[in-house]
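Close look at the chain arrangement
Spelled out, the chains give:
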Amino acid sequence: MVSMHADRAGSGPYPRFSLVALAGRALGAVPPPAQVLAGILSVQVGAALAKQLFGAIGSAGTVAVRLSFAALVLLVVWRPSVRMDRRAWAVVATYGVVLGVMNLCFYLALAKIPLGIAVTIEFLGPLAVAIAGSRRWLDGLWALLAAGGVVLLTEGRGDLHLAGILFALGAAVCWASYILLSAALGRHTSDGGGLALGMTLAALVVAPVGIAESGTALLEPWVLAVGLGVALLSSVIPYSLELEALRSIPPKVFGVLMSLEPAVAALVGLLVLGEFLTPIQWLAVLLVVAASAGATRTASSAS
């Protein structure tokens, strides 16, 4: 998921490290739309790589390893201060719990249904946030398109596990909450400090479940190496790419490009994992993509 595909939130300048500054200058030479698409591809390849760990440490163990490495990287980069008032800590704690549960639900879904379908269902979360409370008929159309996509996925689901669909829906609810909490996190914390602390709490929330499922297998050197790769692909790289892209392109363009994520996920699932979708399932993915892109553009026009 999360950005997170699931961890993608917050804004602010890069930390003042010469290596990061050098990377920022290198990224600046890449067209912003290409940066966004590269970030989307990185997230989905990271999810596909994570799925390879399920046989060894399970979905919960994979989440625990990924979030632990992501938290470690963010703590080193941002070095957040723990001196915050109670309200700020309440926001950070809630954000961390939601982030952990969101990733756990998404990976549990991945263990049972194809990547493209899991991401498509999860994308209903940000779509709901985009059109919530709107009274415009056009937003009603986007909602109907998305609903049509879900109906096609569930009615023609074939051998899809119901539990996988429910886990993906749980991830969608968490993603919607995560988006709303991200705004509060930005108001109560500075730079990426809140994100680093929230990620740490998310790792602590998921770690007991992962340890209970996998035990000492989590400490195998090859598992740790792959887990680090998943954390970089799913968190650090896309966050950096998207942050740099947002410096140069309007948010509505960014939102429309991000709407391609379900389609990219389906392609990565096909090419990397060999997960074939039926024509009806591809149509469902495209309906959700169209609904998300449309809702993003109309929301931006109205603001």
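Summary of the structure given here. Computed from a prediction, not measured in an experiment: that's the story for all the values here.

Bringing the packing of helix 2 (residues 32–51) against helix 10 (residues 221–245) into the picture now. At a minimum axis separation of 8 Å, helix 2 and helix 10 run at an interaxial angle of 165°. By the angle between their directions, the pair helix 2 and helix 10 is classed as roughly antiparallel. Our pair here, helix 2 against helix 10, has a crossing hand that is left-handed. In this structure, helix 2 contributes P32, Q35, V36, A38, G39, S42, V43, V45, G46, A47, L49 and A50 to the contact, and helix 10 contributes V226, G229, V230, L233, S234, I237, P238, L241, E244 and A245.

Notably, R79 is not glycine yet its phi reads approximately 45°, a positive angle. Considering the arrangement of structural elements, one finds R79 in the loop between helix 3 (54–78) and helix 4 (86–110).

For the rest of this paragraph, the subject is the packing of aromatic side chains. The tally for this structure, following the rule as stated, stands at 4 aromatic pairs. Centre to centre, the rings of F54 and Y107 are 6.0 Å apart; their planes meet at 55°, and the pair counts as tilted. With F54 in helix 3 and Y107 in helix 4, the pair connects residues that are 53 residues apart, well separated along the chain. We note that F54, like Y107, is buried. Judged by centre distance (5.4 Å) and plane angle (80°), the ring pair of F123 and W175 falls under edge-to-face.

This brings us to the packing of helix 4 against helix 8 (residues 162–188). Here helix 4 crosses helix 8 at 155°, and the two axes come no closer than 8 Å. The orientation of helix 4 relative to helix 8 falls into the category roughly antiparallel. Once helix 4 is placed against helix 8, the crossing between them reads as left-handed. Here the residues of the contact of helix 4 with helix 8 sort into 21 nonpolar, 6 polar and 1 charged.

V36, F106 and L115 are the most contacted members of the largest nonpolar core, which has 76 residues in total. Setting aside its immediate chain neighbours within four residues, L115 contacts Q44, A47, A48, K51, F106, L110, A265, V268, G269, L273 and E275. Of all hydrophobic cores here, the second largest spans 7 residues; its members include L127, W142, A146 and A291.

What counts, and at which threshold
Residues numbered from 1 in each chain as written. Predicted model: local features only at pLDDT ≥ 70, side-chain atom pairs only at ≥ 80, totals over all residues. Heavy atoms only, no water. Axes fitted to C-alpha atoms, helices over the stretch in contact; angles between N-to-C directions. Helix = DSSP H or I, 4+ residues; strand = E, 2+ residues; numbered from the N terminus. Parallel < 35°, antiparallel > 145°, perpendicular 65-115°, else oblique. Left-handed = near helix turned anticlockwise from the far one by under 90°. Contact = heavy atoms within 4.5 Å. Phe/Tyr/Trp six-rings, centres within 6.5 Å; stacked < 30°, edge-to-face > 60°. Buried < 20%, exposed > 50% of the residue type's maximum accessible area, 1.4 Å probe, protein only. Nonpolar A, V, L, I, M, F, W, Y, C, P; charged D, E, K, R; others polar. Core = buried A, V, L, I, M, F, W, Y, C linked by side-chain atoms within 4.5 Å.

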